[in-house]
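This is what each chain is made of:
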Amino acid sequence: MAAPGVAIRGQRSLLRQIREALAGGGPAQVRLDMVVRIIARSMVAEVCSLYMRRAAADMELFATEGLDPAAVHVTRMKPGEGLVGEIMKLGRPLNLADAPEHPAFSYRPETGEDPYHAFLGVPLLRGGRAIGVLVVQNRTARVYTDDEVEDLQIVAMVLAEMVAAGELGAHELKGVEIAPHKPERLKGSKFGDGLAYGVAVLHEPPVAPSQLLSDDVVAEEARLNAAVDSLQSQIDTMLEGNAGLVDASFEVLETYRMFAHSDGWNRSLVDAVRNGLTAEAAVERVRSEHRARLGQARDPYLRERLHDLEDLNDRLLRHLSGEGHVARDLPENAILIARNLGPADLLEYDRTKLRGLLLEEGSAASHAAIVARALDIPCVGRLAGLRDAVSEGDMVIVDAEAGEAYLRPRTDVVKAIQARIDVRRQRRAEFAKLRDTPAFTRDGAKITLLMNAGLDVDLDILGETGAEGIGLFRTEFQFMVAEEMPRFNAQTALYRRVMDAAGDLPVTFRTLDLGGDKVLPYMEAEREDNPALGWRAIRMGLDRPALLRLQLRALIAASGGRPLRVMFPLVANVDEYRAARALVDVEVAWAERRGRKPPSRLDVGAMIEAPSLVFHLDALLPMTDFVSVGTNDLMQYLFAADRGNPRVAERYDPLSPPALRALEQIQRACAETGTPVSVCGEMAGRPLEAFALVALGFERLSMPPAGVGPVKQMVLSCDREAARRGVSALLKSGAGTVRNEIETLARKIYAAV
Ligand code: PEP
Ligand code: MG
């Protein structure tokens, strides 16, 4: 083997020659022929062939040095067929001393490859997807060295990026499938309602080919090492529980640490840089290979590790750029594509241009999904294979009504979607006309429709929706999107803005509901086996009274003599409510002692989210000024099904006898004691579920802004007494769900309008 310095210089000059050959003028075929010749010469190979992916996923011989030129554009391999098809399918190199011995070997007489035994083939990877295969062959049987494999992979990466960037001229490579181009329809889950058609924007865009090759290998290696060092120490610090910068549970951090310190990962990066790539390109090369390798894994644990590695790569790229996330310019109709997102990530994008969101993973109860709903951005999640199937700039449809995504849709599909978008727009216009119409059922029951909020941005919408107030203000959102713990002044300022924006309309602030799946990036979190059943919400507030008291103090200060409504999340025991309520009194007394104006009226309530409370309402209700049913959590605990776990989150139906009976019991107890009660879980914003709630006697519903119009329309056409009779009968049903029956009932009642 040559001394490393020589190898590096050789490799870099090879990359430059390839780049020059590709970027030079002339027909694409001539340039590709030149490229395979350069590679063959440089690798001392008798054969070098380039196969490119065609539509229908065939690999076609595009250029060769050493095989019969007549086979070019004639020899084709299907995925899994022959060694080339095998490489394409597996997405990783094959290094064989004697190719014809391999079971996948498929003899193609037209190529004249009989005399060659040694075979090394590597995929041209883009985003973990093979768009071509590069092969070198030699007569003498031998295994290629690791360095040779690495060299050929780097050449393949540069080729892939340059071809994909159109350096060969797109028209000259007609039929080559650089990126998926056929229309595709992916099934996922509804995370946020609505429809959108727009341009795909990748949350993590690929590195531009102009940044692939470094000018100074030594300096580049130093830059890489510095970034890896700073990444490693950041992860170590996070793990030691000091001020971390990113949200991640202990287990994930452990895995990060393992990868970040792993020799294999570091060595692959350094090798790639020594071979002439920029540090960024090296990260992408190693990432592509991991994706291709681990993406094949059946084992969900291994696939999860791939995601950890992806995050780690993203973090390293950020360390290399020396800055955090840079806000990007979006096209007018942007559809954001990501594996998963934190709420802060989503808020960094220009909301006026963001039309939709597609996620490969996530769950409907995840933060990003809740924020997407709050921003009224249609969102579909759990779209398996999304990121490999879509390229930046593709046209895509988000159909969050059906929980589907269409990639590169055909014109007739676009037309159909546009028609549906128009219908939605018309319906919205109709809802807007209803904005000032009070929501009375046909038989005269007044239903108060309120809005859920949690961010400044929600305040603009309040007036537009016609909601009669904010029934749930999720104060933890401010904490979740901040870089550090919001201090007293920041809290007070937000609460004041909310009250100012609401004017005379009531706002119900919920105290911090952290823990569970709501992890703060900057707060040390102990690992828990069952976070949803763990140290969260009011439990945390009572154990850390300073935090809760500071928040109550900020709320009282913000009210400045106006009415104040506060409620506590996840109360599971009446003593918790007593203790929390006592803190409110302490803070009011504190404000008064300092001569500050106390709230002109103070209403304190509890959220009913833990089933235990349902059986102790007689003790709880007399102590409260109001209660609010958090059906998202109540259902999670009633059915013992983690709302954040996509496997079980949608397994049970709130429109089922046990859930409806629990809700009815709460409503009845509140009616008997005269305690105002609202429902503020997501179900309150879905017309059919809201219909059932109205039938059960609930008169206050708080929901995502987009739900107000459709629910009001339902209320206006609903005969509550008829609905009550119908739903009461269904409570006795022996069925696991009564959704269809409620739907039939609702239809009958609407039809009677
Ligand atoms: C609920 O649990 O229903 C609720 C409204 O609270 P969150 O979704 O914020 O947990
Ligand atoms: Mg809740």
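The text that follows walks through the structure, step by step, so that each part is easy to find.

Parameters at a glance
Residues numbered from 1 in each chain as written. Chains lettered and ligands numbered in written order. Predicted model: local features only at pLDDT ≥ 70, side-chain atom pairs only at ≥ 80, totals over all residues. Heavy atoms only, no water. Donors = N, O, S within 2.8 Å, 3.2 Å for Na, K, Ca; no water. Helix = DSSP H or I, 4+ residues; strand = E, 2+ residues; numbered from the N terminus. Buried < 20%, exposed > 50% of the residue type's maximum accessible area, 1.4 Å probe, protein only. Phe/Tyr/Trp six-rings, centres within 6.5 Å; stacked < 30°, edge-to-face > 60°. Lys NZ or Arg CZ within 6 Å of the ring centre and 35° of its normal. Expected span 1.5 Å × (residues − 1). Arc of directions from axis to C-beta. Near = heavy atom within 4 Å. Polar contact = N/O pair within 3.5 Å; in protein donor to acceptor, adjacent residues only side chain to side chain. Areas by Shrake-Rupley, 256 points an atom, 1.4 Å probe, with all protein chains shown as cover. Nonpolar A, V, L, I, M, F, W, Y, C, P; charged D, E, K, R; others polar. Pairing = 2+ DSSP bridges. Contact = heavy atoms within 4.5 Å. Axes fitted to C-alpha atoms, helices over the stretch in contact; angles between N-to-C directions.

### A few points about the coordination of the magnesium ion (ligand 2)
Here is step 1: Only Glu609 (OE) and Asp633 (OD) from the protein reach the magnesium ion (ligand 2) as donors, at distances of 2.0 Å. Here Glu609 is found in the loop between strand E19 (602-608) and helix H20 (611-614), whereas its partner Asp633 is found in helix H22 (residues 631-638), with 24 residues between them in sequence. When sorted by exposure, Glu609 lands in the same class as Asp633, which is buried.

### Quick look at the packing of aromatic side chains
Here is step 1: Throughout the structure, instances matching the rule amount to four aromatic pairs.
Here is step 2: With centroids separated by 6.1 Å and ring planes inclined at 65 degrees, the aromatic side chains of Phe568 and Tyr577 adopt a geometry described as edge-to-face.
Here is step 3: Using a relative accessible area of 0% as the deciding quantity, one classes Tyr577 as buried.
Here is step 4: A cation over a ring is seen here: Arg565 above Phe626, with NZ or CZ 4.2 Å from the ring centre.

### Focus on helix H16 (residues 488-502)
Here is step 1: Taking 1.5 Å per residue, 15 residues should reach 21 Å; H16 reaches 21 Å between its end C-alpha atoms and fits that length.
Here is step 2: By the burial criterion, the buried members of H16 are Gln491, Thr492, Leu494, Tyr495, Val498, Met499 and Ala502. Buried positions in H16, seen along its axis, are confined to an arc of 165 degrees and lie on one side of it.
Here is step 3: At the exit of H16 stands Gly503, carrying a positive phi of roughly 60 degrees.

### Re the site of ligand 1
Here is step 1: In the region of ligand 1, 14 residues are neighbours, and Arg474, Arg510, Glu609, Asn632 and Arg643 sit closest.
Here is step 2: Interatomic distance of 2.7 Å between a side-chain N/O atom of Glu609 and an oxygen atom of ligand 1.
Here is step 3: Compared with its free state, where it exposes 290 Å², ligand 1 has 100% of that area covered by protein.
Here is step 4: Of all the secondary structure elements, the ones that give two or more residues to the shell around ligand 1 are strand E16 (470-474) and H22.
Here is step 5: In terms of residue count, H22 provides more of the shell around ligand 1 than any other element does, three residues in total.
Here is step 6: Here the shell around ligand 1 is built from residues that sort into three nonpolar, four polar and seven charged.

### Some remarks on the sheet that holds strand E6 (residues 129-138)
Here is step 1: The antiparallel open sheet is built from six strands, whose spatial order is E3-E2-E1-E6-E5-E4. Two strands close off the open sheet at either side, each with one partner strand: strand E3 (76-77) and strand E4 (94-96).
Here is step 2: The strands touched by helix H2 (residues 28-42) within the sheet are strand E1 (47-53), strand E2 (59-65) and E6, with E2 carrying the most contacts at an inclination of about 65 degrees.
Here is step 3: In this fold helix H4 (residues 146-164) packs onto E1, E4, strand E5 (118-126) and E6, with an angle of close to 40 degrees to the strand it touches most, E5.

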